[in-house]
Amino acid sequence: MCNKKVTKKVITDGLINNHFSNNYQPIYSADNNLLNGVEVLLRFNSPSLGYISPDCFISCAEEENLINDLFFFSTNQALIDLKNNHKLKKISINISPSTLMIPDFYCWLHDKCKDNFISNDNVTLEITENVEYFETEVFLENINKLRMLGFGLSIDDFGTGYASLSKLKNIPFTELKIDRTFVKHAKKNNIDRKIIEHLVSLTHNLGLKVVAEGIEDVETYNMMKEIGVDLCQGYFFHRPVPINKLINNVIDG
Ligand code: G
Ligand code: G
Ligand code: MN
């Protein structure tokens, strides 16, 4: 939860003075434990306010119309890091619906990947299900063009938000991330386990991959494998870390 007062000026200054940076959290294939890719998670160290969590600055950035600036900053850096470190394999970037409302956004991302010699299918956009968004013409054009160009589309935090099933119908998702609140309790709570089992079966029937996020212990990891999720992510494997740590500890370590 957010306990710091973030203002427009704090974010703008942070962008100008380079106080934002990317962390990367590994995502592994469930069956062979090999690195499948990384999720990009933005971090903000403000000289005046100290460390500010995304829960604080993302909502402020949305309100102040700065969320697209943060997206472009974070994505530019992530593409450079992927270009320089092919062993990261794939990147998953969190995107706010408002960024998908920018006309011809898909061209920007396509061109950026081309400039960095990155194949579009190594980039997935995670759209949070837990925020309300409107499937306007521009939004749907971006989504459909991105998919046609080969980008992955992931529905994030699935199961806690708005009208999830109709979103699965309207948007050509390639992947579903089960919200970590289900994963967290699955070991002890049979209802959570049943929900995950049914989500995996539904998702596979629709031809999408399933990610279990928020895996914190070996018992949960084994359960997720048994249930048949495709990809795993969580503190049990690795916390989100800066690129140099990722390379030392995960890629070359
Ligand atoms: O990183 P945690 O590390 O605390 O992230 C908290 C929340 O902030 C998550 O829901 C995550 O998806 C979101 N988040 C992190 N980085 C970004 C970002 O660059 N853009 C958007 N839109 N959300 C982000
Ligand atoms: O909403 P999204 O899935 O993008 O959020 C990613 C968030 O989940 C980040 O804040 C990240 O730090 C956090 N996270 C990653 N792995 C774990 C975990 O195993 N447990 C918990 N509690 N949070 C995690
Ligand atoms: Mn995410």
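Keep in mind the model is a prediction, meaning the values are calculated, not measured.

The subject of this paragraph is the overall build of the protein. Counting secondary structure elements, the protein contains 10 helices and nine strands. Relative to a compact globule of 253 residues, whose C-alpha radius of gyration would be 18 Å, the protein shows 18 Å and is just as compact. Across its three principal directions, the C-alpha atoms of the protein cover 45 × 40 × 40 Å. When contacts within the protein are restricted to residue pairs at least 6 apart in sequence, those whose partners lie at least 24 apart make up 68%. Averaging the locations of the 26 positively and 32 negatively charged side chains of the protein gives two centres separated by 4 Å.

Moving on: the site of ligand 2. The local shell around ligand 2 holds 14 residues, among which Asp157, Arg180, Glu213, Glu216 and Tyr235 are the closest. Between ligand 2 and Asn94 there is a distance of 3.2 Å, counted from an oxygen atom to a side-chain nitrogen or oxygen. Here a nitrogen atom of ligand 2 sits 2.5 Å away from a polar atom, N or O, in the side chain of Glu216. Summarising the interface, the protein chains cover 79% of the accessible area of ligand 2, which totals 530 Å² for the free molecule. Those elements that place two or more of their residues in the shell around ligand 2 are strand 2 (35–46) and strand 6 (152–158). Of the residues that constitute the shell around ligand 2, the class distribution is three nonpolar, four polar and seven charged.

By the definition in use, this model includes 12 aromatic pairs. Among the aromatic residues, those joined into a ring-pair cluster are Tyr28, Tyr221, Phe236 and Phe237. Directly above the ring of Tyr235 sits Arg239, whose terminal nitrogen or CZ lies 3.8 Å from the centroid.

This paragraph deals with the nonpolar core. Core analysis: the largest hydrophobic core is formed by 58 residues, its most contacted members being Ile91, Leu125, Phe173, Ile178, Ile196 and Met224. With residues near it in sequence (within four places) discarded, Phe173 still touches Ile127, Tyr133, Leu153, Ser154, Ile155, Lys167, Leu168 and Leu208. Formed by 14 residues, the second largest nonpolar core is a distinct cluster that contains Val6, Ile11, Cys56 and Ile67.

What follows covers the site of ligand 1. In the vicinity of ligand 1, the residues found are Leu41, Leu42, Arg43, Pro54, Asp55, Ile58, Asn94 and Ser96. Between Leu42 and ligand 1, the recorded distance is 3.1 Å, taken from a backbone N or O atom to a nitrogen atom. Protein contacts shield 75% of the accessible area of ligand 1, which totals 490 Å² for the unbound molecule. Residue assignment for the shell around ligand 1 shows that the elements contributing at least two residues are strand 2 and helix 2 (54–63). Its residues assigned to classes, the shell around ligand 1 comprises four nonpolar, two polar and two charged.

This part takes up the environment of Lys188. Position of Lys188 among the secondary structure elements: in the loop between helix 7 (180–185) and helix 8 (190–205). With a relative accessible area of 77%, Lys188 lands in the exposed category. Residues Lys188 and Thr220, spaced 32 residues apart in sequence, show a C-alpha to C-alpha distance of 9.6 Å.

Attention now moves to the pairing of strand 8 (residues 209–212). Relative to strand 8, strand 7 (residues 175–178) runs parallel, the two being bridged by four bridges. Across the sheet, residue Lys177 finds its bridge partner in strand 8, namely Val211. Here two bridges tie strand 8 to strand 9 (residues 231–232), and the two strands are oriented parallel to one another. Following the sheet pairing, Val211 is matched in strand 9 by Leu231.

Moving on: the packing of helix 8 against helix 9 (residues 218–227). At a closest axis distance of 10 Å, the pairing of helix 8 and helix 9 adopts a crossing angle of 40°. Relative to helix 9, the element helix 8 is oriented oblique. As helix 8 packs across helix 9, the resulting crossing turns out to be right-handed. Judged by residue contacts, Arg193, Ile196, Glu197 and Val200 of helix 8 engage Met223, Met224, Glu226 and Ile227 from helix 9. Among the residues forming the contact of helix 8 with helix 9, the class breakdown is five nonpolar, no polar and three charged.

Let us now look at the pattern of salt bridges. Scanning the entire structure with this criterion turns up nine salt bridges. The salt bridge involving Lys9 is made with Asp13; its shortest N-O contact spans 2.7 Å. Pair noted here: Lys9 and Asp13 are both in helix 1 (residues 8–16), with a separation of four residues, about one helical turn. Exposure remark for Lys9: the relative accessible area of 56% places this residue in the exposed category. Relative accessible area serves as the criterion here: at 29%, Asp13 is assigned to the partly exposed category. Linking Arg193 and Glu197 is a salt bridge whose minimum nitrogen-to-oxygen distance equals 2.7 Å.

Cut-offs applied
Residues numbered from 1 in each chain as written. Chains lettered and ligands numbered in written order. Predicted model: local features only at pLDDT ≥ 70, side-chain atom pairs only at ≥ 80, totals over all residues. Heavy atoms only, no water. Helix = DSSP H or I, 4+ residues; strand = E, 2+ residues; numbered from the N terminus. Rg over C-alpha atoms; globule rule 2.2 N^0.38 Å. Contact = heavy atoms within 4.5 Å. Lys, Arg positive; Asp, Glu negative; His and termini not counted. Charge placed at Lys NZ, Arg CZ, Asp CG, Glu CD. Near = heavy atom within 4 Å. Polar contact = N/O pair within 3.5 Å; in protein donor to acceptor, adjacent residues only side chain to side chain. Areas by Shrake-Rupley, 256 points an atom, 1.4 Å probe, with all protein chains shown as cover. Nonpolar A, V, L, I, M, F, W, Y, C, P; charged D, E, K, R; others polar. Phe/Tyr/Trp six-rings, centres within 6.5 Å; stacked < 30°, edge-to-face > 60°. Lys NZ or Arg CZ within 6 Å of the ring centre and 35° of its normal. Core = buried A, V, L, I, M, F, W, Y, C linked by side-chain atoms within 4.5 Å. Buried < 20%, exposed > 50% of the residue type's maximum accessible area, 1.4 Å probe, protein only. Pairing = 2+ DSSP bridges. Axes fitted to C-alpha atoms, helices over the stretch in contact; angles between N-to-C directions. Parallel < 35°, antiparallel > 145°, perpendicular 65-115°, else oblique. Left-handed = near helix turned anticlockwise from the far one by under 90°. Salt bridge = Lys/Arg side-chain N within 4 Å of Asp/Glu carboxyl O.

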